[in-house]
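# Coordinates in review
As a plain string of letters, each chain reads:
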Amino acid sequence: MIPSSVNLIPEAPVAEIVGLARQAESLGFNRCWVYDEGLATRDVYVALTAIAQATTTIKMGPGITNPYTRHPATTAATIATIDELSGGRAFLGLGAGGSLTLGPLGIDRSRPLAAVGDVLQACRALFSGRPVTMTGHGFTLAEAMLGYARPDIEIWLAGRGPRMLGLGGELADGVMLDFIHCEMIDDYVELVRDGARRTGNRPRLMYSTMVITDERAMAATKPHMTYRLVDSPPRIKSALGITDEEVEQIRRAMSGGLDAAAEYVRDEWVHPFVISGTASDCAEQLARLVERHGIDEFLLPVLDLADAPHLMTGVAAVLAAV
């Protein structure tokens, strides 16, 4: 079974999220990511703390947090504290953040490459336990120090743009490729490896997408394709044939909630980003992806909490066949 993770979106009370994390642990998933979507969901770090207290083996971290809503020293301290609480099971997931998170807070995603890179380096330095003085994009550290962090806490980076993926290859312990168009995975993997070659880094590769075996799973996926389509690079939008007007229509509809915006997402825009078919088909597709692209881990986004127990059980069986 390929090492695997779940990414839980905390749209329900934390107790429910904890129950799903415990089920994921029992099914053999080795990581539990928790979405950081700001006001749209429950607080990511409260959820992670509760998961740390209720589990024994599964690793946990934000999937993903951004460089804008918190000072990096606060992020580092929080992750180090959860790591201490959980007996060394925490990791940090970083990315530029999206419109669902930053829009309601009125935050402009300025210079995302610099912002993510600076936070990554600041957190790594703070995890080392040494005093850190630096000026980054939007923050300053002056002899800042964490006296209780584990130096080798993993830092994962998620992104879609070429330079962001290159940055992940250069500096991160792992790079998460999230809902990548199937025809472009090769290119994205190579961008990570190009970055790794520049520094001699050896990041792990994680592929994250939905496994769709029925219409119920498709319906659960569409709301969460809305912001991904809106935030996709021009190259992806061009490959899909989605126009600026259609993107703007989705963006406007998002103000009424993701379910409302999902009505404007076509099936043909979803299929290139997911694994779909029968359980056997999905196992074969995933096995080909792992072999062709050198994928180290698979991440299942759990987007519909009501259907989550059924989904995780089914996907665990698919993963066991890979």
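Summarised in this report is the structure supplied together with it.

The rules we used
- Residues numbered from 1 in each chain as written.
- Predicted model: local features only at pLDDT ≥ 70, side-chain atom pairs only at ≥ 80, totals over all residues.
- Heavy atoms only, no water.
- Salt bridge = Lys/Arg side-chain N within 4 Å of Asp/Glu carboxyl O.
- Helix = DSSP H or I, 4+ residues; strand = E, 2+ residues; numbered from the N terminus.
- Buried < 20%, exposed > 50% of the residue type's maximum accessible area, 1.4 Å probe, protein only.
- Core = buried A, V, L, I, M, F, W, Y, C linked by side-chain atoms within 4.5 Å.
- Contact = heavy atoms within 4.5 Å.

## Re the pattern of salt bridges
What the rule picks out here adds up to 19 salt bridges. In this structure, Arg-70 engages Asp-36 in a salt bridge whose closest nitrogen and oxygen atoms are separated by 2.9 Å. Within this pair, whereas Arg-70 is found in the loop between β3 (59-62) and α3 (72-86), its partner Asp-36 is found in the loop between β2 (31-34) and α2 (44-54), the two being separated by 34 residues in sequence. Taking the relative accessible area as the measure of exposure, Arg-70 reaches 21% and is therefore partly exposed. You can call Asp-36 buried: its relative accessible area is 7%. With its nearest N and O atoms 2.3 Å apart, the salt bridge here joins Arg-197 to Glu-190. Given the relative accessible area of 53%, Arg-197 is considered exposed. Residue classification places Glu-190 among the partly exposed residues on the basis of a relative accessible area of 35%. Within the structure, one salt-bridge network assembled from shared partners comprises Arg-31, Glu-154, Arg-204 and Glu-297.

## Description of the nonpolar core
Core analysis: the biggest nonpolar cluster contains 107 residues, and Phe-127, Leu-177, Ile-250, Phe-298 and Leu-300 have the highest contact counts within it. The leading source of residues in this core is helix α5 (residues 112-127), at eight residues. Every residue in contact with Ile-250, bar those within four places of it in the chain, is listed here: Thr-226, Leu-229, Val-230, Ile-242, Ala-261, Tyr-264, Val-265 and Trp-269. If you look at the next biggest cluster of nonpolar residues, it comprises seven residues, including Trp-156, Ala-158, Met-176 and Met-206.

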